[in-house]
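# Structure at a glance
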Amino acid sequence: MITLAFGVAIIIIRMKSSKDPATFKKIWIPPLGMLTGGLMFVVPMFRVSPPNILEAIGLGLVFSIVLIWTTKYDIRGDDIYIVRTKSFPYILMGLLVIRLIIKCFLADTIDFGELAGMFWILGVAMIWPWRIAMHFQLKSKLREKSSVLN
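Here we summarise the structure given alongside this text. (Residues numbered from 1 in each chain as written. Predicted model: local features only at pLDDT ≥ 70, side-chain atom pairs only at ≥ 80, totals over all residues. Heavy atoms only, no water.)

### Re the layout of surface pockets
- Quantified by volume, the largest pocket comes out at close to 940 Å³.
- Of all elements in the fold, only α1 (2-17), α2 (24-34), α4 (88-106) and α5 (112-149) reach the threshold of two or more residues within the lining of the largest pocket. (1 Å grid on protein atoms, 1.4 Å probe; cavity = no way out; pocket = protein on both sides within 12 Å on 5 of 7 lines; lining within 4 Å. Points joined across faces, edges and corners; volume = space filled by probe spheres on them. Helix = DSSP H or I, 4+ residues; strand = E, 2+ residues; numbered from the N terminus.)

### Some words on the packing of aromatic side chains
- The tally for this structure, following the rule as stated, stands at 2 aromatic pairs.
- Between Trp28 and Trp128 the ring centres are 5.2 Å apart and the planes differ by 45 degrees, which places this aromatic pair in the tilted class. Taken as a pair, Trp28 in helix α2 and Trp128 in helix α5 lie far apart in primary sequence, 100 residues in all.
- By relative accessible area, which is 21% here, Trp128 ends up partly exposed.
- Pairing Phe41 with Trp120 gives two aromatic rings, centres 5.5 Å apart and planes at 70 degrees, and the pair type is edge-to-face. Highlighted residues: Phe41 in the loop between α2 and α3 (50-70) and Trp120 in helix α5, separated in sequence by 79 residues.
- Arg131 extends its terminal NZ or CZ atom over the ring of Trp130, reaching a point 4.7 Å from the ring centre. (Phe/Tyr/Trp six-rings, centres within 6.5 Å; stacked < 30°, edge-to-face > 60°. Buried < 20%, exposed > 50% of the residue type's maximum accessible area, 1.4 Å probe, protein only. Lys NZ or Arg CZ within 6 Å of the ring centre and 35° of its normal.)

Written out as structure tokens, the structure is:
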């Protein structure tokens, strides 16, 4: 229940943030803040086996494709905004539910610490490609905007 509450809170925050112009700072602060979670791997119980690392990265990359596919930018006046799509909150909630189902399924077969490490890796593998794509999309829109002005 707590995970779902956090998921809903994140969706609300993401929807509100689309009302403000997009910036590189807004793109990069969340994934950079997420990196501190990597310190969990200092503790042996959180270490993940190589096959599970690959599985987490693979699933994260699949999830990132969905996020990249649904993120678009729009030039409005002098600013660039992320286009708010009706499907975005449903996609985020769907990804959250899929992660919860996978976690419940794997909880009996993988130790708690390793599972936590796997889901951190999955999150990083999902967020970083999405944010890299957002960076290049914003850069492209900025070039498009400057070519229109010239």
